[in-house]
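# Chains, contacts and geometry: an overview
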Amino acid sequence: MNNYKVYANQSLFDVAIQLTGSAENAFNLAQSNGLELSKELAAGDTLVIPKIEKTSELYNFYELNQIKPATALSSGDKDRLNDCEGIGCWAIEIDFKVS
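Below you will find a few notes about this structure. (Residues numbered from 1 in each chain as written. Predicted model: local features only at pLDDT ≥ 70, side-chain atom pairs only at ≥ 80, totals over all residues. Heavy atoms only, no water.)

## Observations concerning the nonpolar core
Short version of the rule: Here the nonpolar core consists of buried residues drawn from Ala, Val, Leu, Ile, Met, Phe, Trp, Tyr and Cys, with membership extended through side-chain atoms lying within 4.5 Å. Buried means the residue's accessible area, taken with a 1.4 Å probe over protein chains only, is under 20% of the maximum for its type, while exposed means over 50%, and partly exposed covers the values in between. Helix and strand assignments follow DSSP, with helices taken as H or I runs no shorter than four residues and strands as E runs no shorter than two, numbered in order from the N terminus. Any two residues whose heavy atoms approach within 4.5 Å are treated as being in contact.
Ranked by size, the top nonpolar core spans 12 residues in total: Tyr4, Val6, Leu12, Val15, Ala16, Ala26, Leu29, Ala30, Leu41, Leu47, Ile49 and Ile52. Secondary structure elements with two or more residues in this core: helix H1 (12-20), helix H2 (26-32) and strand S2 (46-49). Beyond its immediate stretch of four places on either side in the chain, Leu29 contacts Leu12, Val15, Ala16, Val48, Ile49, Pro50 and Ile52.

Now the structure itself:
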């Protein structure tokens with residue numbers, strides 16, 4: 001098993017895709033680290049990376065191009081979403097009623 005240091009705004013899904021080429025491996029990462037799948041990671045957190053089969057095509061692309069996906073929302077993004085108004089922010093049956 002190896003260790004991996006998390007980058008800013010990375011989720012378990014991001015790490016799984018980067019290191020294995022498959023988002024499905026986020027389940028293995030969560031279990032190996034005793035985390036919930038939705039756990040927000042902090043930059044600098046260390047994850048134990050179990051031996052997981054790599055999906056070659058996507059993994060090779062990320063490795064070759066040194067891509068480190070980071071799709072989690074930052075606190076600034078979350079604040080902007082809370083202040084969001086209009087049709088671009090509304091959710092059907094929550095704050096947008098269809099009749």
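## Considerations on the environment of Asn3
The topology assignment puts Asn3 in strand S1 (residues 2-5). For the pair Asn3 and Pro50, spaced 47 residues apart in the sequence, the C-alpha separation amounts to 8.7 Å. What Asn3 contacts, discounting residues up to four positions off in sequence, is Thr46, Leu47, Val48 and Ile49.

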